[in-house]
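Structural description and commentary
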Amino acid sequence: SVIVDNYQGGRLAAQFLYGRGFRNPGFVGEAARQAYAIPATELRLKGFCDWFAEQNIAVDKKNIWLGEFTEGKADAGIRATIMRADRPDCVFASSDLIAIRLMRIAVENGIQINRELGLIGFDDLDISEYLNLATVSQSLDESGRLAAEMVLDRLRDPERASRKAIVPLNIMNRGYVGA
């Protein structure tokens, strides 16, 4: 198996935003819909909240949106999070796709990303580089290579012992100025 430490990813995102001067954190993400699914978003949120709690900063529940990732619902959840007068000063989006939606909504409403509203995503999709989106990289190319290698090894030797690889996470800091 190839494993992503989603909890640690949330902690890295929190540390990154805190290190840039942000102290009123928010979170937007797609909730796990199936009982059998890995609750990646929820683990990222827990790591994020736990890290801020260790700094004596609570992530206010009104600054958290967990919901269905459909155009209408995601956009409404993002707007409810960032369009308030008392909005968070930074947001961790559980995926780059959600972060990109947040960027679009912010720009449409005159909110300057990374000046008025800190933002970090999760995944490190190729488009993130073009948009200067800071993100937690889960090394998608490397994890795909590892998974393919493990499948091929298993096909060559079905009796081979199980293998587990943990994908290294790191922050891709692109065009970020901080609070």
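Residues numbered from 1 in each chain as written. Predicted model: local features only at pLDDT ≥ 70, side-chain atom pairs only at ≥ 80, totals over all residues. Heavy atoms only, no water.

What follows concerns the sheet that holds strand β8 (residues 170–172). Overall, mixed pairing links the six strands, which are arranged β3-β2-β4-β5-β6-β8 in an open sheet. Looking at strand neighbours, the two that pair on one side only are β3 (64–67) and β8, the edges of this open sheet. For this sheet, the mean angle separating the axes of adjacent strands, direction not counted, is 20°. Inspection of the sheet shows strand β5 (residues 118–123) paired to strand β6 (residues 135–137) by three bridges, in the parallel sense. Of the residues in β6, the one forming a bridge with aspartate 123 is serine 137. Sitting on the sheet, helix α2 (residues 40–54) is in contact with β2 (25–30), β3, β4 (90–93) and β5, with an inclination near 170° to β2. (Pairing = 2+ DSSP bridges. Helix = DSSP H or I, 4+ residues; strand = E, 2+ residues; numbered from the N terminus. Axes fitted to C-alpha atoms, helices over the stretch in contact; angles between N-to-C directions. Contact = heavy atoms within 4.5 Å.)

All right, on to the pairing of β3 then. Side chains Trp65 and Gly67 project from β3 onto a buried face, and the interleaved Ile64 and Leu66 project onto a face without burial. With four bridges connecting them, β2 and β3 associate as parallel partners. Within β3, the residue paired with glycine 29 across the bridge is leucine 66. (Buried < 20%, exposed > 50% of the residue type's maximum accessible area, 1.4 Å probe, protein only.)

Glancing now at the packing of aromatic side chains. Applying the stated criterion to the full structure yields eight aromatic pairs. Members of the aromatic cluster, each reached through a chain of ring pairs, are Tyr18, Phe27, Phe48, Trp51, Phe52, Phe92 and Phe122. One Lys or Arg, arginine 23, reaches over the ring of tyrosine 18 and ends 3.6 Å from the middle of that ring. The ring of phenylalanine 122 carries arginine 44 above its face, with NZ or CZ at 3.5 Å from the centroid. (Phe/Tyr/Trp six-rings, centres within 6.5 Å; stacked < 30°, edge-to-face > 60°. Lys NZ or Arg CZ within 6 Å of the ring centre and 35° of its normal.)

Another point: the packing of helix α3 (residues 71–82) against helix α4 (residues 96–108). Where α3 contacts α4, the two axes come as close as 10 Å, and the packing angle between them is 60°. When the axis of α3 is compared with that of α4, the two are oblique. In the packing of α3 onto α4, the handedness of the crossing is right-handed. Taking contact as the criterion, the partners of Glu71, Ala74, Asp75, Ile78, Arg79 and Ile82 in α3 are, on α4, Ile98, Arg101, Leu102, Arg104, Ile105, Ala106 and Glu108. In terms of residue class, the contact of α3 with α4 is made up of seven nonpolar, no polar and six charged. (Parallel < 35°, antiparallel > 145°, perpendicular 65-115°, else oblique. Left-handed = near helix turned anticlockwise from the far one by under 90°. Nonpolar A, V, L, I, M, F, W, Y, C, P; charged D, E, K, R; others polar.)

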